[in-house]
Number of protein chains: 2
Amino acid sequence: MTSPRLTLFALDGLPEFAPGDDLPAIIAAASVQQGVEPGDILAVTSKIVSKAEGRIVAAADREQSITDETVRVVATRVHPGGVTRIVENRLGLVMAAAGVDASNTVEGTVLLLPLDPDASAAAIRAAVGAAVGGEVGVIITDTAGRAWREGQTDIAIGGSGVRLLDDLRGQPDAQGRLLDVTAPALGDELAAAGDLVKRKALGLPVAVIRGLPHLLDPAAPGARSLNRAAVDDLFSLGTAEAREEGRRLERAARGSDTDLRNG
Amino acid sequence: MTSPRLTLFALDGLPEFAPGDDLPAIIAAASVQQGVEPGDILAVTSKIVSKAEGRIVAAADREQSITDETVRVVATRVHPGGVTRIVENRLGLVMAAAGVDASNTVEGTVLLLPLDPDASAAAIRAAVGAAVGGEVGVIITDTAGRAWREGQTDIAIGGSGVRLLDDLRGQPDAQGRLLDVTAPALGDELAAAGDLVKRKALGLPVAVIRGLPHLLDPAAPGARSLNRAAVDDLFSLGTAEAREEGRRLERAARGSDTDLRNG
């Protein structure tokens with residue numbers, strides 16, 4: 001029984017990106033120059049996608065931008081610097097500040113997430129694939145916090161041509177019994193692995209992951225397949241917010257009594 | 001600006017482990033044979049640690065074992081197969097079934113997590129380090145679900161000699177501004193990367209990660225550093241549970257009124 005041997009490296013020499021840059025072409029040129037091969041998977045930091053796609057707003061409009069990107073507020077945290085909103089954004093991602101980001105941006109500006117990260121991934125995949133003469137996979141990554149654990153990991157917020165969720169439910173384990181609930185979130189594991197070789201703050205925003213060609217699948221669904229719908233999520237709302245909602249519900253249920261008593 | 005070049009592979013030919021096996025010695029022997037080098041980081045699946053350490057109980061005692069491993073119930077999900085408890089366990093990890101696992105175990109048994117995964121990691125690190133003639137890092141990994149996202153990723157539940165959380169708060173970004181909240185959860189990213197080359201159900205439970213010797217740190221804290229304390233966690237309790245708690249609090253606050261009205 002052998003396992004894949006994996007190699008990861010970051011693409012070197014990419015420029016600082018600006019609106020209108022042809023990101024797929026620039027990544028494709030670097031890919032050819034630096035030996036990207038068919039079967040490789042590229043993990044591309046969303047920030048350079050946002051910059052090239054012009055998803056830049058004035059820092060003064062940051063709060064309004066977060067509101068605009070928000071579908072649903074999940075939780076809020078008040079801290080000395082202000083209020084952080086953890087929200088479900090229009091991509092279905094639960095993220096602090098809706099994924100609106102102020103680090104490594106032009107002074108006085110903030111970046112919104114790409115409009116359609118799966119489409120951005122598909123465009124990069126097409127350009128790189130054509131340039132290297134074979135299929136590659138592409139994921140678009142962002143850095144996200146999580147419940148219960150300190151720090152952040154990179155996750156896949158877009159993808160094209162790569163299996164992002166490996167649904168093993170129904171497959172037998174080594175003892176021949178069915179593995180009941182295992183579904184490795186490959187997209188997020190690829191993003192996390194890529195982050196180990198990227199230096200996002202230092203001009204190395206694209207990782208190349210070599211050795212997993214079996215994960216390539218032209219028909220693989222996009223990154224929304226990694227989002228758990230709020231209705232299926234035991235943690236769809238922050239603890240404080242859910243507790244407050246419970247109090248409101250209880251007050252509403254007793255509303256007539258209360259009115260009677262107070263009336 | 002160059003980035004690390006990362007190589008990952010799984011250790012081959014490890015036996016099926018049983019209670020009393022000298023896991024550190026067995027991994028050390030395989031490490032020498034398969035060319036593990038000083039500076040490498042080993043990601044060891046917790047399941048083989050549990051097996052070697054005899055953390056095996058009868059499947060009939062599964063529910064009681066989960067209760068015993070539980071510090072605090074975080075959420076429960078009722079489904080056709082029964083009730084899944086998501087709990088904070090004695091290691092401070094929030095996990096389904098407290099991390100008690102039935103897959104890839106001897107028929108009729110389930111596995112508990114290692115008693116002290118940091119200590120297990122330290123023992124493996126010492127044995128492998130001595131065998132290969134230099135410092136290595138070791139993490140103990142387990143597979144965990146998460147809020148908001150489908151599927152599971154591997155996370156670090158134990159560690160020795162590796163920096164698991166890279167606290168960049170206070171370091172400048174490429175524009176010279178301070179990165180405000182970035183703290184990559186390296187331990188979890190290493191675990192996720194390792195999972196891409198392991199085949200846990202097929203006898204490949206140890207990944208070797210080469211190319212990040214700068215993450216080695218003999219004084220690095222253990223995996224509890226990756227646990228967010230419930231008091232700091234906006235998602236310390238499931239949404240349904242918090243909502244119910246809110247209703248109870250509201251009823252309690254109105255208790256005297258209610259008694260008065262009903263009395």
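Residues numbered from 1 in each chain as written. Chains lettered and ligands numbered in written order. Predicted model: local features only at pLDDT ≥ 70, side-chain atom pairs only at ≥ 80, totals over all residues. Heavy atoms only, no water.

Draft legend 1. Region of interest: the environment of Asn227 of chain B. Examined against the element boundaries, Asn227 of chain B turns out to sit in the loop between strand 10 (206–210) and helix 6 (239–253). Given a relative accessible area of 14%, Asn227 of chain B falls into the buried group. Counting along the chain gives 136 residues from Asn227 of chain B to Leu91 of chain B, while the straight-line C-alpha distance between them is 8.9 Å. Non-local contacts of Asn227 of chain B, meaning those with residues more than four positions away in its chain, are made with Trp148, Arg149 and Glu150 of chain A together with Leu91, Gly92 and Leu93 of chain B. Here Arg149 of chain A takes part through its side chain, which lies 3.4 Å from a polar atom of the side chain of Asn227 of chain B. Separated by 2.9 Å, the side chain of Asn227 of chain B and the backbone oxygen of Leu91 of chain B make a polar contact. (Helix = DSSP H or I, 4+ residues; strand = E, 2+ residues; numbered from the N terminus. Buried < 20%, exposed > 50% of the residue type's maximum accessible area, 1.4 Å probe, protein only. Contact = heavy atoms within 4.5 Å. Polar contact = N/O pair within 3.5 Å; in protein donor to acceptor, adjacent residues only side chain to side chain.)

Draft legend 2. Geometry of the relation of the copies chain A and chain B. At an RMSD of 0.0 Å, chain A and chain B line up after a rotation of 180° and a shift of 0.0 Å along the axis. When the rotation and shift are considered jointly, the pair of chain copies conforms to a two-fold rotation axis. (Least-squares fit on C-alpha atoms with pLDDT ≥ 70 in both.)

Draft legend 3. The arrangement of the interface of chain A and chain B in detail. The partner chain B presents 89 residues to the 90 residues of chain A that form the contact. Contact between chain A and chain B buries roughly 8100 Å² in total, counting both sides, with carbon and sulfur atoms accounting for 51%. For chain A, the biggest contributors to the area lost against chain B are Trp148, Arg149 and Leu196 of chain A; these three give 11% of the whole. The interface formed by chain A and chain B contains twelve salt bridges. Notably, a salt bridge pairs Arg146 of chain A with Asp188 of chain B, separated by 2.7 Å at the nearest N-O pair. For the side of chain A that touches chain B, the secondary structure elements donating two or more residues are strand 1 (6–10), strand 4 (70–79), strand 9 (153–160), helix 5 (186–195), helix 6 (239–253) and helix 7 (255–262) of chain A. For the side of chain A that touches chain B, the leading source of residues is helix 6 of chain A, giving ten residues. Relative to strand 1 (residues 6–10) of chain B, strand 1 of chain A is paired through three bridges, and the arrangement is antiparallel. Bridge pairing in strand 1 of chain B places Leu8 of chain A opposite Leu6 of chain B. (Buried area = accessible area lost by both parts, 1.4 Å probe. Salt bridge = Lys/Arg side-chain N within 4 Å of Asp/Glu carboxyl O. Pairing = 2+ DSSP bridges.)

Draft legend 4. Highlighting the sheet that holds strand 5 (residues 82–89) of chain B. Residues and elements named next belong to chain B. If you trace the three strands from one edge of the open sheet to the other, you get 4-5-6, paired in antiparallel fashion. The strands lining the two open edges of the sheet, one partner per strand, are strand 4 (70–79) and strand 6 (94–96). For this sheet, the mean inter-axis angle between neighbouring strands, taken without regard to orientation, is 20°. As paired elements, strand 4 and strand 5 share eight bridges and run antiparallel to each other. Bridge pairing in strand 5 places Val78 opposite Val83. (Axes fitted to C-alpha atoms, helices over the stretch in contact; angles between N-to-C directions.)

Draft legend 5. Fine view of the sheet that holds strand 6 (residues 94–96) of chain A. Residue and element names in this part refer to chain A. Read across the open sheet, the three strands follow the order 4-5-6; overall the sheet is antiparallel. Looking at the sheet topology across the chains shown, the edges are occupied by strand 4 and strand 6. Neighbour to neighbour, the strand axes of the sheet diverge by 20° on average, direction disregarded.

Draft legend 6. Representation of the domain arrangement of chain A. Residue and element names in this part refer to chain A. Domain assignment breaks chain A into domain 1 (1–55 + 114–227), domain 2 (58–105) and domain 3 (235–263). Summing the contributions of domain 2 and of domain 3, the shared interface buries around 310 Å²; its carbon and sulfur component is 37%. It is Arg72, Val74 and Ala75 that lose the most area in domain 2 upon contact with domain 3, and together they represent 80% of the buried surface on that side. Counting every contact that joins domain 2 to domain 3 gives zero salt bridges. The interface formed by domain 2 and domain 3 includes three residue pairs in polar contact (both at pLDDT 80 or more). Here the side of domain 2 that touches domain 3 is built from residues that sort into three nonpolar, one polar and one charged. (Domains from an automatic or database assignment. Nonpolar A, V, L, I, M, F, W, Y, C, P; charged D, E, K, R; others polar.)

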